[in-house]
Amino acid sequence: MSSYDSMKEKLNSVGIYSIDESSNISKELTACAEGLDSLFENLDAMTKEYFIETAEDYGIVRREKFLGKEKTEYSAEKRREMLELQEQNMGGKCTPDAFSDILRSCGLTDFSFTEQPTDYKLTVNINDTLSQEQKKIVTERINLEFPLHLTIEINFSE
C-alpha cells in the first residue's frame, strides 16, 4: 500500500474527512506521499544492505573494506558467504573444520591439511590458483587466525 492510500484510508476511517481525487486535502496528501514513499524506499534499501544475508551493494563493500579488502572478483553470493564466515568467531575451536571455515572465508575451495600433532605442526596445502597478492592476503589471514601454539607451514600449488 502506498503512503497516499494509507493516509487516505486512515483519514477516511475517522469520519471527518471526505477525500476525493480533486479535493485540496487529496493534493496535499499526494505531495506528502511523494516524499514519504521516497523515504520508505531509501529505508528499505538501507535495511537490506545492513544485513549480510540480503546485502547486494554497499553493505558488502563496507564490510569487506572494514575486514581488509574489497573482493570484486567474486559474485555477490560468494562475497556474502565469505563475510559470514569471517565475522563468525572461532570460539576457541582448534579443529580442521574451524580451520576450513577460515580458509573458505578467504575464498579458497581447494585445500587440505596435514597434521603432525606430536610436533604441534599443521601443513596447509592450497591448490586454488591465486595471484601473488592473493597469496599474501591468505598467508596474513592464516597467521592472524590460526592458533599460535601451532607451527603453520603453507604450501601453494603452482
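Preceding block: the structure.
What counts as what
Residues numbered from 1 in each chain as written. Predicted model: local features only at pLDDT ≥ 70, side-chain atom pairs only at ≥ 80, totals over all residues. Heavy atoms only, no water. Buried < 20%, exposed > 50% of the residue type's maximum accessible area, 1.4 Å probe, protein only. Helix = DSSP H or I, 4+ residues; strand = E, 2+ residues; numbered from the N terminus. Pairing = 2+ DSSP bridges. Right-handed = clockwise from strand over helix to strand, strands pointing away. Expected span 1.5 Å × (residues − 1). Contact = heavy atoms within 4.5 Å. Axes fitted to C-alpha atoms, helices over the stretch in contact; angles between N-to-C directions.

K.L.:
Please explain the pairing of strand β2 (residues 121-126) as it appears in this structure.
P.N.:
Strand residues, when the strand is regular, have side chains that alternate between the two faces of the sheet. Counting buried residues in β2 gives 5 out of 6 residues, a clear majority hidden from the surface. Linking two consecutive strands that pair antiparallel, namely strand β1 (residues 111-116) and β2, is a turn of 4 residues; a positive phi of about 55° is found at Tyr120 within it. Examined bridge by bridge, β2 and strand β3 (residues 151-156) share 6 bridges and lie parallel to one another. Paired with Asn125 across the bridge in β3 is Asn155. Where the polypeptide runs from β2 across helix α6 (residues 132-145) and back to β3, its parallel neighbour, the crossover connection is right-handed.

K.L.:
What's the story with helix α2 (residues 24-50) in this structure? I'm lost.
P.N.:
Helical periodicity: at 3.6 residues per turn, an α-helix aligns residues three or four positions apart in one direction. The first and last C-alpha atoms of α2 sit 39 Å apart over 27 residues, in line with the 39 Å expected at 1.5 Å per residue. Within α2, the full set of buried residues consists of Ser26, Leu29, Ala33 and Glu49. Elements that come into contact with the buried residues of α2 comprise α1 (3-14) and α3 (58-67).

K.L.:
Help me out: how do you make sense of the sheet that holds β1 in this one?
P.N.:
Hydrogen bonding along the main chain pairs the strands of a sheet, whether they run parallel or antiparallel. Ordered in space as β1-β2-β3, the 3 strands form an open sheet in which the pairing is mixed. The open sheet terminates on both sides in strands that have one partner only, identified here as β1 and β3. Each adjacent strand pair in this sheet contributes to an overall mean axis angle of 15°, direction not counted. When β1 meets β2, the two strands line up antiparallel, connected through 6 bridges. If you follow Phe111 over to β2, its bridge partner there is Ile126. Where helix α5 (residues 96-105) meets the sheet, its contacts fall on β1 and β2, and the angle it forms with β1 comes to roughly 145°. Against the sheet, α6 contacts β2 and β3, and its axis sits at roughly 160° relative to β3.

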